Amino acid sequence: MSLLHTVNKSPFESNTFDACLGLAKSGSTILLIEDGVYAATTGNSVADKIKNTTGINFCVLGPDAQARGIQGKLAEGIKVVDYEGFVDLVAEHDAVQAWL
Amino acid sequence: MVKKFMYINRKAPYGTIYALESLEVVLIGAAFDQDVSLAFIGDGVYQLTKGQDTKAIGQKNFSTVYMALGDYDVNKIYVEKESLEERGLTLDDLQHLVWEDEDEDWAEKDSIRLVSRAELSDVLDEQDVLLSF
């Protein structure tokens, strides 16, 4: 059983990202979308949280990163997926938890 | 009587409508010859970043409009230093916004003023009208 988690809020504006990180199990995937993509940038005050989490597959939705001009600032180890990749992730996991 | 208007921008672009709505109101307000300032704090600093490209999300890229603010005499753009730092950003990550000073033979000047939280609190204190987005 593995879950796909989606986070669409900025980690600086809400505790959604922290709530997700607290309940995501090893082997699950966290996909950052919309304003959630800001969590994936280097050098910010939440960067260490991703760095120090092992066993979770972190992905970011490319079109949302590109819209916000951060595609060049993504932290290492974060996979960029497009809309088709989003669909694949949904298909590959047993269920989706959308953190709003 | 000219009043001091400040628009406070605290939201990232695209995820919510606040940033675009603020920009619309600023442009409308610019027609009334008031003393206008903009403040970008918290996630609001993301509105000014370079390299935004919204083609793939099907939304309007309004980041280029900030470049035109100088032509509307909107040239006091305060960016909070602490907010940039928390997000791993520097002034180099933001667009270079300028205006032309007609009192100095149209010399090009920077519109962005990088200020500390304490300095910004003083600027807020001087305002007559505050509009929050």
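Residues numbered from 1 in each chain as written. Chains lettered and ligands numbered in written order. Predicted model: local features only at pLDDT ≥ 70, side-chain atom pairs only at ≥ 80, totals over all residues. Heavy atoms only, no water.

Now for helix α1 (residues 18-29) of chain B. Residue and element names in this part refer to chain B. Under the 1.5 Å per step criterion, the end-to-end length of α1 is 16 Å for twelve residues, consistent within 8% with the ideal 16 Å. Looking only at α1, the buried set comprises A19, L20, S22, L23, V26 and G29. Buried positions along α1 lie against β1 (4-9) and β2 (35-40). (Helix = DSSP H or I, 4+ residues; strand = E, 2+ residues; numbered from the N terminus. Expected span 1.5 Å × (residues − 1). Buried < 20%, exposed > 50% of the residue type's maximum accessible area, 1.4 Å probe, protein only. Contact = heavy atoms within 4.5 Å.)

This part takes up the pattern of salt bridges. Residues and elements named next belong to chain B. Counted by the stated rule, this structure contains 14 salt bridges over all chains. Notably, a salt bridge pairs D101 with K109, separated by 2.8 Å at the nearest N-O pair. Looking at D101, the relative accessible area reads 9%, which means it is buried. Because the salt bridges share partners, they merge into one network encompassing D43, E80, E86, R87 and R117. (Salt bridge = Lys/Arg side-chain N within 4 Å of Asp/Glu carboxyl O.)

Before going further, it helps to examine the interface of chain A and chain B. In this assembly, 19 residues from chain A lie in contact with 23 residues from chain B. Interface of chain A and chain B: buried area, both sides summed, is about 1,500 Å²; carbon and sulfur atoms make up 46% of it. The largest per-residue losses of area from chain A upon contact with chain B belong to E13, Y38 and A67 of chain A, which jointly make up 31% of the total buried on that side. At the boundary of chain A and chain B, one finds one salt bridge. The interface formed by chain A and chain B contains seven residue pairs in polar contact (both at pLDDT 80 or more). Per-element tally for the side of chain A that touches chain B: the top contributor is helix α3 (residues 62-67) of chain A, with four residues. (Buried area = accessible area lost by both parts, 1.4 Å probe. Polar contact = N/O pair within 3.5 Å; in protein donor to acceptor, adjacent residues only side chain to side chain.)

What follows deals with a negative patch on the surface. Residues and elements named next belong to chain B. There is a patch of like negative charges on the surface, built from D33, D71, D73, E100, E102, D103, E108 and D110. Within the secondary structure layout, E108 lies in strand β5 (residues 107-110). A residue is classified by how much of its surface remains accessible, and E108, at 57% relative accessible area, is exposed. (Patch = residues over 30% accessible without salt bridge, like charges linked within 9 Å, V, L, I, M, F, W, Y side chains within 5 Å. Areas by Shrake-Rupley, 256 points an atom, 1.4 Å probe, with all protein chains shown as cover. Lys, Arg positive; Asp, Glu negative; His and termini not counted. Charge placed at Lys NZ, Arg CZ, Asp CG, Glu CD.)

Before going further, it helps to spend a moment on the nonpolar core. If you look at the biggest cluster of nonpolar residues, it comprises 51 residues, and the most contacted ones within it are I30 of chain A together with L38, L48 and Y66 of chain B. For this core, the secondary structure elements donating two or more residues are α1 (16-23), β2 (29-32), β3 (57-61) and α3 of chain A together with α1, β2 and β3 (77-80) of chain B. In terms of residues, this core owes the most to one element, α1 of chain B, which gives four residues. Other than its neighbours up to four places away in sequence, Y66 of chain B contacts A19, L23, F40, Q47, L48, Q95 and L97 of chain B. Grouped together as the second largest cluster of nonpolar side chains are eight residues, I8, A39, Y78 and V115 of chain B included. (Core = buried A, V, L, I, M, F, W, Y, C linked by side-chain atoms within 4.5 Å.)

Let us now look at the sheet that holds β3 of chain B. Strand-to-strand pairing in sheets goes through backbone hydrogen bonds, with the strands running parallel or antiparallel. Residue and element names in this part refer to chain B. Strand order in the open sheet made by the five strands is β6-β3-β2-β1-β7, with parallel pairing throughout. Unpaired on one side and paired on the other, β6 (112-115) and β7 (129-132) mark the two borders of the sheet. Within this sheet the neighbouring strands show an average axis-to-axis angle of 25°, counted without direction. Strand direction decides the pairing type here: β1 and β7, joined by four bridges, are parallel. Residue pairing for β7: I8 is matched across the bridge by S132. (Pairing = 2+ DSSP bridges. Axes fitted to C-alpha atoms, helices over the stretch in contact; angles between N-to-C directions.)

Moving on to the side chain of S83 of chain B. Residue and element names in this part refer to chain B. Among the structural elements, S83 can be located in helix α2 (residues 81-86). Owing to a relative accessible area of 2%, S83 belongs among the buried residues under this scheme. Reaching out from S83, the side chain makes a polar contact with the backbone nitrogen of G42 at a distance of 2.9 Å. Ignoring sequence-local partners within four residues, the contact set of S83 consists of I41, G42, V45 and R117.

Turning next to the packing of aromatic side chains. Residue and element names in this part refer to chain B. Under the definition given, this model contains five aromatic pairs over all chains. Arranged with centres 6.1 Å apart and planes meeting at 80°, the rings of F40 and Y66 form a pair that is edge-to-face. Remark: Y66 occurs in the loop between β2 and β3 and F40 occurs in strand β2; sequence separation between them is 26 residues. In this pair, the class of F40 matches that of Y66, namely buried. Connected via pairs of aromatic rings, a cluster forms that spans Y14, F40, F62 and Y66. Across the ring face of Y18, the terminal group of K11 is positioned such that the distance to the ring centre comes to 4.7 Å. (Phe/Tyr/Trp six-rings, centres within 6.5 Å; stacked < 30°, edge-to-face > 60°. Lys NZ or Arg CZ within 6 Å of the ring centre and 35° of its normal.)

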